[in-house]
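Structural characterization, general
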Amino acid sequence: MRNRALTPRRCKTIPLYARLVRYGFRKHATYVWASLAGAFTNSVFGVLRAYILIALWQARPGLAGYDITDAITFCFITQAFIGPMQLFGGGLGIPERIRSGDIALDLVRPASLQLWTLSEDLGRAAYLFLIRGLPPMLVGAAVFGIRVPTDLVQWLAFLAGFTAAVVVSFGWRYLVALSVCWLVDDRGVAVASMILTTFFSGMMLPLHLFPGWLGDLAFALPWAAMVQLPVDLFLGKAPAPDTFAVQLFWAAVLLGLGALGTRAIRHKVVIQGG
Amino acid sequence: MVRTYFLLIWTWTRAAAAYPVSFTLMILFGIITSGLDVAVILVVFANTTTLAGFSRDEVLFLYGAASVSFAICDMFISNIDRVSQHIKAGTLDTILIRPVGAWIQLAADRFTPNRLGRVLQSAVVLGYAVGALDLDWRRAWMIPVMLVTGIVIFTAVWTLGGAMQFVLIDAPEISNALTYGSHQLNQYPLSIYARDLVKGVTYVLPLAFVNWQPGLYVLGRDDPFGTPEFLRFAGPVAALALALLAALAWRQGVRHYRSTGS
């Protein structure tokens, strides 16, 4: 006799990942105060960095095709991106799971480790977009005044570009996290990734300011797709189709490498003990 | 007290040196990470010759002076900002019953000598700026004074940040805005900021005395905000006042602490 009640119902793929996105959101929603503290710190740094850009744009009005309001908006929106895109690194929890061996459990699940992690990360990003993204923008608007898109098409373009940027940032952080499998100590890679991401994404200064070859290099690297490109969509400084093409290219490359890496660790992982 | 502190950090250093490759790499990465702030200054000055009336080398001088003090505190004191972690983990109880002051133990907690990279990097920038600027040597005596003043002020700021965490157990990141924010503020000439903000960091939280007021004296410049001349020399007094306040706040924090009792 078959007892259907005891057979766990197999989760269908789309509902499974949709549920993981929701869980990712809820998991992070537990720590409201920590997130608000992060938003406060991001806002303070936004104010301090804004003055640097104001001084620069007062010396060079119209630099890089931005006016002062664009530069201020740039500053606060990059601060707003820190949480959702985890620009300082981390957010995935994979390194700890590799070190503790729990990763073996993740790998035998009848679902892709990469998609599983991506779904949770999208939920996390959606939550942090609200709680760590909006406050710096509001502070920027209150203290200096910022520019926001005026029409719906531009808003939609920005939201699409932002989502693509989160996927690119996940693609990169996933590769960094998997490297623990080969390197054991991940601190070196984590710091190197932080340096590359903060500098080459445009988080510290608009990439348009980088002189000569350094600017060309910065725009040719994947990190530009995380911050500089979506911000230019927000400011209406870049054509949306070209931006999406670059972002999708980098998302495909990084996720593809991530898929290869996931396959590699399936062979690499050694389950200790009994 | 000082001996205990050095004994503690020596113990942590020996622990870190057990992994020599990781240790060396972290020093190297420390240099690069803190070098990013210099890269930002250089990129800014690739686009302009003066920023709020100050040249590139003058900004590098102000950056270097603030960063040497900050990096030294980052190395020796900054571990104090893990107060809330200790409270949550229950380890603060252990720390409080030991026969050494909690402040000393927490400052030395998980000391990592690899932050030396940041001190070196800042010192190189300061050395470069002092060499590149045509400074009046009769005013150079102020440079060591401002470095020591800066160390006292940043130590007080970190202590305040740690003390705040006795209250803000769930939101320790707020103290980052105070500590790392203070450094961010002091990397550039204060003339870029709004007048009210500068008044605040002169008369309320005396961050202007880390490098701005004494730096103006060394550079032989007038204050664009027109503050009186004697403030250039008021750094040590301001630093001591802040240190006293921080000590009181820290005592208050430790007294405020209630263990979970479990």
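In the annotation of an unreviewed UniProt entry, chain A is listed under the name ABC transporter permease and assigned to Nonomuraea phyllanthi.

Some points on the overall build of chain B
The secondary structure content of chain B amounts to 12 helices and two strands. The N-to-C order of helical and strand elements in chain B reads α-α-β-β-α-α-α-α-α-α-α-α-α-α. A globule of 262 residues ought to have a C-alpha radius of gyration of about 18 Å, and chain B, at 19 Å, matches this closely. If one aligns the C-alpha atoms of chain B with their principal axes, the spans along those axes are about 60 × 45 × 30 Å. Of all 262 residues assigned to chain B, the portion counted as buried reaches 53%. For chain B, restricting intrachain contacts to residue pairs at least 6 apart in sequence, the fraction spanning at least 24 positions comes to 77%. Only carbon and sulfur atoms are counted for the fraction: they give 66% of the accessible area of chain B, which is about 11,800 Å².

Describing the nonpolar core
Counting residues in hydrophobic clusters, the biggest one holds 131 residues, and the most contacted among them are A:Phe81, B:Phe61, B:Tyr188 and B:Tyr193. At 12 residues, helix 8 (residues 142–167) of chain B tops the list of elements feeding residues into this core. Ignoring any residue separated from it by four or fewer positions in sequence, one finds B:Tyr193 in contact with A:Leu48, A:Tyr51, B:Gln184, B:Leu185, B:Tyr188, B:Val198 and B:Phe225. Among the nonpolar cores identified, the runner-up in size contains 14 residues, and A:Leu118, A:Phe170, A:Ala177 and A:Leu178 belong to it.

Topic: the pattern of salt bridges
Tallying each qualifying case throughout the model produces 14 salt bridges over all chains. The residue B:Arg82 makes a salt bridge to B:Asp109 at a minimum N-O spacing of 3.6 Å. On the criterion of sequence distance, the pair formed by B:Arg82 in the loop between helix 3 (56–76) and helix 4 (83–89) and B:Asp109 in the loop between helix 6 (102–108) and helix 7 (116–132) is long-range, its members being 27 residues apart. Each member of the pair, B:Arg82 as well as B:Asp109, is classed as buried. Overlapping salt bridges, with partners in common, bring together A:Asp67, A:Asp70, A:Arg147 and A:Lys237 in one network.

Description of the environment of B:Gly220
Residue and element names in this part refer to chain B. Mapping Gly220 onto the fold places it in the loop between helix 11 (212–219) and helix 12 (235–256). Take Gly220: its relative accessible area is 49%, and that puts it in the partly exposed class. Expressed as a C-alpha distance, the spacing of Gly220 and Arg139, which sit 81 residues apart in the sequence, is 8.3 Å.

Notes on the interface of chain B and chain A
Across the boundary between the two partners, chain B contributes 31 residues, which contact 32 residues of chain A. Where chain B abuts chain A, roughly 2,700 Å² becomes buried across the two surfaces, and 78% of that area is made up of carbon and sulfur atoms. Sorting the residues of chain B by area buried against chain A places B:Leu36, B:Asn47 and B:Glu173 first, and these three jointly supply 21% of that buried surface. Along the contact surface separating chain B from chain A lie one salt bridge. Linking chain B with chain A are three residue pairs in polar contact (both at pLDDT 80 or more). Contributions of two or more residues to the side of chain B that touches chain A are made by helix 2 (20–47), strand 1 (50–51) and helix 9 (174–186) of chain B.

Each value, and the rule that gives it
Residues numbered from 1 in each chain as written. Chains lettered and ligands numbered in written order. Predicted model: local features only at pLDDT ≥ 70, side-chain atom pairs only at ≥ 80, totals over all residues. Heavy atoms only, no water. Helix = DSSP H or I, 4+ residues; strand = E, 2+ residues; numbered from the N terminus. Rg over C-alpha atoms; globule rule 2.2 N^0.38 Å. Buried < 20%, exposed > 50% of the residue type's maximum accessible area, 1.4 Å probe, protein only. Contact = heavy atoms within 4.5 Å. Areas by Shrake-Rupley, 256 points an atom, 1.4 Å probe, with all protein chains shown as cover. Core = buried A, V, L, I, M, F, W, Y, C linked by side-chain atoms within 4.5 Å. Salt bridge = Lys/Arg side-chain N within 4 Å of Asp/Glu carboxyl O. Buried area = accessible area lost by both parts, 1.4 Å probe. Polar contact = N/O pair within 3.5 Å; in protein donor to acceptor, adjacent residues only side chain to side chain.

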